[in-house]
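Residues per chain are reported as follows:
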Amino acid sequence: MSRSALGELLPEVVAPLPGARGTVLLDQLADAECPALTVRRARRSERSGAAQDPIVWCEARGSNVVDADGNRFVDLSAGFGAAAVGHGHPRVVAAVQAQAEKLLHALGDLHPSDVKVQLLTRLAKLAPFPEARVMLGLSGGDAVEAALKTAALYTGKPGVIAFEGGYHGLAHGPLAICGYQSAFRAPFAAQLNPHVAFAKYPGADTPLSAALARVDEAFARVPAGVGAVIVEPLLGRGGVLVPPAGFLMALGELCRARGVLLIADEVMTGLYRTGALFRSVASGADADLICLGKALGGGMPVSACLGRAEIMRAWGDPDHEALHTGTFFGHPLASAAALATLEVLEREQLGARATETGNYLHAQLDTLRARHACIRELRGVGLLLGIALDHTRPAFGLAVMRGLLERGYIVVPAGADASVVSLTPPLTITKAQLDGFVAALDATLGELA
Ligand SMILES: Cc1ncc(COP(=O)(O)O)c(C=O)c1O
């Protein structure tokens, strides 16, 4: 396989999934990994009646992934949306390599690195507020945690309104507001913020007044007082739901009227995945805090919470210990990768490309939908799309995803019942690769009909 061509190639499945080498690695994994993860895969196999063994990734470039057995795939997940500029973008890799030669690690907030300062400056300029202030983290959950703490400090209120189906990460702070599945919260309920109420996330057809009434009603369930409403501008992991037009703008107005902060969790939607730099801004929502992650590092772990200056001042002026920090926050390698990624996003005009390619894919899938009754709905914007499948057939979504994997296409499920095929490919994916995916989906649905 020619290394230079990897990235824009179609799949080539030459060995079983997994093959001999992958199987050895998976056996080792099962012996070493916390059962929370390995056992889940076994359960999925049982439920879907098909092997759900994973492949083991060894190499990735652009939209291609190569597994331990030499199979080549097209990745329509972009590694959970992180590889928006494509896996291993040469500019990102070069920036990380150059940084690694110079400075691998610095002293966090005590003695910062030059590259961290550059990233903070760049992000503050990118933010849709004047004189924005930025807090860095490693994961999307870190950015959400920073936003939640900021809102609590600024408002003095502990309560949060979140949405059913919403996903914000699984550390204790974000977990308390995770509406994705109550089962995620249940075992840890006693350790979580109790001042949280959930409103139903509105689908595109929900009347605006009903959508807002649900949020209003949730306030009444937090007697301790609400400091923030947190929303995904487009519900991602929860099933790729687009809210009704005007909802986000009205939500911002509702928050202002009630004196609470609006946190836009743009970890999935931000940085051009839906065509716009910030989906909340494009939807008219005037958020006070914006969380970024995933795509920001081009594959390296880095996240950011952007906030209005006057709100960020709520952190006060600590003269001794920083109230919120982490050894690796603003890590030099991740900062260098983020700076390179932001440059690539602009230079390659990936926002415009996400819109154009997303419209193309949407149209192709629409054609397919006319022929397969098991496709209930197509949802999403730009290159954040969801194919809602027949949810009455147990584990049908998982079976479809397995069929796609066997044809060389990597997708991940969305929705608590895994009945939505979520598509978040690299924004650089080619039309030929998307055509191949649509043909593979056609064949898979035909086979499973
Ligand atoms: C909207 C949203 N917020 C936060 C997170 C959490 O990000 P991480 O897994 O990097 O902590 C995710 C992850 O999927 C997400 O989709």
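Residues numbered from 1 in each chain as written. Predicted model: local features only at pLDDT ≥ 70, side-chain atom pairs only at ≥ 80, totals over all residues. Heavy atoms only, no water.

Peer 1: So what about the packing of helix H9 (residues 208–219) against helix H10 (residues 247–258)? Which residues, and what values?
Peer 2: Between H9 and H10, the least distance of the axes is 10 Å, while the angle of their chain directions is 35°. Handedness of the H9/H10 crossing: right-handed. Within the contact between the two elements, H9 uses Leu208, Ala211, Leu212, Val215, Asp216 and Phe219 and H10 uses Phe247, Ala250, Leu251, Leu254 and Arg258. For the contact of H9 with H10, a count of residues per class yields nine nonpolar, no polar and two charged. (Axes fitted to C-alpha atoms, helices over the stretch in contact; angles between N-to-C directions. Helix = DSSP H or I, 4+ residues; strand = E, 2+ residues; numbered from the N terminus. Left-handed = near helix turned anticlockwise from the far one by under 90°. Contact = heavy atoms within 4.5 Å. Nonpolar A, V, L, I, M, F, W, Y, C, P; charged D, E, K, R; others polar.)

Peer 1: Explain the domain arrangement of the protein chain residue by residue, including any values.
Peer 2: One can read the domain layout of the protein chain as domain 1 (3–75 + 349–448) and domain 2 (90–347). Domain 1 and domain 2 are separated by 27 Å when their C-alpha centres are compared. Opposite the 22 residues of domain 1 that make contact, domain 2 presents 23 residues. Taking both partners together, domain 1 and domain 2 bury about 1,600 Å²; carbon and sulfur atoms supply 63% of that area. It is Arg379, Val381 and Leu384 in domain 1 that bury the most area against domain 2; as a group they hold 32% of the surface buried on that side. Our count for the domain 1 to domain 2 interface comes out at zero salt bridges. The interface formed by domain 1 and domain 2 holds 10 residue pairs in polar contact (both at pLDDT 80 or more) in total. Sorting the residues of the side of domain 1 that touches domain 2 by element identifies helix H14 (350–371), strand E11 (375–381), strand E12 (384–389) and strand E15 (420–423) as the ones contributing at least two each. It is H14 that contributes the most residues to the side of domain 1 that touches domain 2, four residues altogether. (Domains from an automatic or database assignment. Buried area = accessible area lost by both parts, 1.4 Å probe. Salt bridge = Lys/Arg side-chain N within 4 Å of Asp/Glu carboxyl O. Polar contact = N/O pair within 3.5 Å; in protein donor to acceptor, adjacent residues only side chain to side chain.)

Peer 1: Can you tell me about the sheet that holds strand E3 (residues 72–75), naming the residues and giving the values?
Peer 2: Taken in spatial order, the four strands of this open sheet run E1-E2-E3-E13, and their pairing is mixed. One side of each edge strand has no neighbouring strand; the edge strands of this open sheet are strand E1 (57–61) and strand E13 (409–410). In this sheet, E3 lies alongside strand E2 (residues 64–67) in antiparallel orientation, the contact comprising three bridges. Across the sheet, residue valine 66 finds its bridge partner in E3, namely arginine 72. (Pairing = 2+ DSSP bridges.)

Peer 1: Residues and numbers for the sheet that holds strand E6 (residues 196–199), please.
Peer 2: Across the sheet, seven strands lie side by side as E4-E10-E9-E8-E7-E5-E6; this open sheet has mixed pairing. In this open sheet, the two strands that pair with only one neighbour each are strand E4 (133–137) and E6. Averaged over all adjacent pairs, the angle separating strand axes in this sheet is 20°, with direction ignored. Judged from the four bridges that link them, strand E5 (residues 159–163) and E6 form a sheet pairing that is parallel. Paired with alanine 162 across the two strands is phenylalanine 198, which belongs to E6.

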